[in-house]
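# Structure at a glance
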Amino acid sequence: MANRFTFLDLFNSLIAAVEDASSPKGKLLSAKEAAFICDLLIRSRDVICREYTTIIRRVKERYMENSNSLLDRHKCAAAFMIAFLKKMDMEDSKQSIAKLQKEKLAILAGLTVLGTFIAGEAKACKKKQPFLRFLKRYNGFVFPKTICDINLYIDNWAIELYYARIEKKLFVPSLAHELFYLERYNRLLAETSASTTKQ
């Protein structure tokens, strides 16, 4: 089960991740783009929070035996992604937004939330986590390489999210499932990396 992080904790983690994405280490956004997105995030925070709370409540009522227990971190991250996709106000912006930028930012949001929960759980257990060192070394989660497709994994995922949003078919359990396997893939990479280093 996930720790009790407030929405504000998770939201602040996302702001920090967007700022970090513009740093020399991140290089995903220009400083101007990061500042613009952070401003949009802050303006959209309250509506995203309300949507996130609604989604969490609905998921607990529909998919859990005990609606008072905590959701696992993958469902929380999926709920955050969906709230972001539904309520982040980017469409009316006067600034040019790159194609699928909203979906890629939603992926960043979900992985940031997932990473926040993983770090929080490690801190609560007071254990050193090799997996956290792995995530820090790679500046976040590593995406699998595609097998035959010329598109990157993140591009394919962003396209999927775009059409799911347009067709109103965003679904927490399936998105949580994808996040679970992405975490598992990274944990296997971390274990392989650790065993290679020891040899």
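This one's a predicted model, so the numbers in the text were calculated from it and none came from an experiment. (Residues numbered from 1 in each chain as written. Predicted model: local features only at pLDDT ≥ 70, side-chain atom pairs only at ≥ 80, totals over all residues. Heavy atoms only, no water.)

### A look at the overall build of the protein
Counting its secondary structure elements, the protein contains 7 helices and 0 strands. Ordered by position in the sequence, the α and β elements of the protein form the string α-α-α-α-α-α-α. Counting the 199 residues in the protein, one finds 42% classified as buried. When contacts within the protein are restricted to residue pairs at least 6 apart in sequence, long-range pairs at least 24 apart make up 73% of them. Put simply, the protein shows about 12000 Å² of open surface, and 54% of that area lies on carbon and sulfur atoms. (Helix = DSSP H or I, 4+ residues; strand = E, 2+ residues; numbered from the N terminus. Buried < 20%, exposed > 50% of the residue type's maximum accessible area, 1.4 Å probe, protein only. Contact = heavy atoms within 4.5 Å. Areas by Shrake-Rupley, 256 points an atom, 1.4 Å probe, with all protein chains shown as cover.)

### Examining unusual backbone geometry
Here Asn139, not a glycine, exhibits a phi torsion of approximately 55°, which is positive. With respect to the helices and strands, Asn139 occurs in the loop between helix 5 (130-137) and helix 6 (153-166). Phi at Lys168 takes a positive value of approximately 55°, unusual for a residue other than glycine. Position of Lys168 relative to the elements: it lies in the loop between helix 6 and helix 7 (172-198). When its relative accessible area of 75% is taken as the criterion, Lys168 is described as exposed.

### Focus on the packing of helix 4 (residues 101-125) against helix 6
In the contact formed by helix 4 and helix 6, the axes pass within 8 Å of each other and the chain directions differ by 110°. Put simply, helix 4 runs roughly perpendicular to helix 6. Residues Lys102, Glu103, Lys104 and Ile107 of helix 4 pack against Ile154, Asp155, Trp157, Ala158, Leu161, Tyr162 and Arg165 of helix 6. Of the residues contributing to the contact of helix 4 with helix 6, the split by class is 6 nonpolar, no polar and 5 charged. (Axes fitted to C-alpha atoms, helices over the stretch in contact; angles between N-to-C directions. Parallel < 35°, antiparallel > 145°, perpendicular 65-115°, else oblique. Nonpolar A, V, L, I, M, F, W, Y, C, P; charged D, E, K, R; others polar.)

### Comments concerning helix 1 (residues 7-21)
Helix length check: helix 1, at 15 residues, gives a terminal C-alpha distance of 21 Å against a target of 21 Å (1.5 Å per residue), a fit within 8%. Among the residues making up helix 1, those that are buried are Phe7, Leu10, Phe11, Leu14, Ile15, Ala17, Val18 and Ala21. Mapping the buried residues of helix 1 onto a view down its axis gives an arc of 160°, with all of them on the same face. Against helix 2 (31-63), helix 3 (73-87) and helix 4 lie the buried residues of helix 1. (Expected span 1.5 Å × (residues − 1). Arc of directions from axis to C-beta.)

### Observations concerning the side chain of Glu121
With respect to the helices and strands, Glu121 occurs in helix 4. A distance of 2.4 Å separates the side chain of Glu121 from the side chain of Arg73, its partner in a polar contact. (Polar contact = N/O pair within 3.5 Å; in protein donor to acceptor, adjacent residues only side chain to side chain.)

### Some words on the nonpolar core
If you look at the biggest cluster of nonpolar residues, it comprises 56 residues, and the most contacted ones within it are Val18, Leu41, Tyr52, Phe80, Phe84, Trp157 and Leu179. Counting residues per element, the ones that place at least two in this core are helix 1, helix 2, helix 3, helix 4, helix 5, helix 6 and helix 7. Ranked by residue count, the leading element in this core is helix 2, at 11 residues. Setting aside its immediate chain neighbours within four residues, Val18 contacts Leu29, Ala34, Ile37, Cys38, Leu41 and Leu108. (Core = buried A, V, L, I, M, F, W, Y, C linked by side-chain atoms within 4.5 Å.)

### What about the packing of aromatic side chains?
In the structure shown here, the tally under the stated rule is 12 aromatic pairs. Between the aromatic rings of Tyr52 and Phe80, the centroid separation amounts to 5.6 Å while the plane-to-plane angle is 65°, which identifies the pairing as edge-to-face. Of the two residues, Tyr52 is situated in helix 2 and Phe80 in helix 3; the sequence distance between them amounts to 28 residues. Each member of the pair Tyr52 and Phe80 is classed as buried. (Phe/Tyr/Trp six-rings, centres within 6.5 Å; stacked < 30°, edge-to-face > 60°.)

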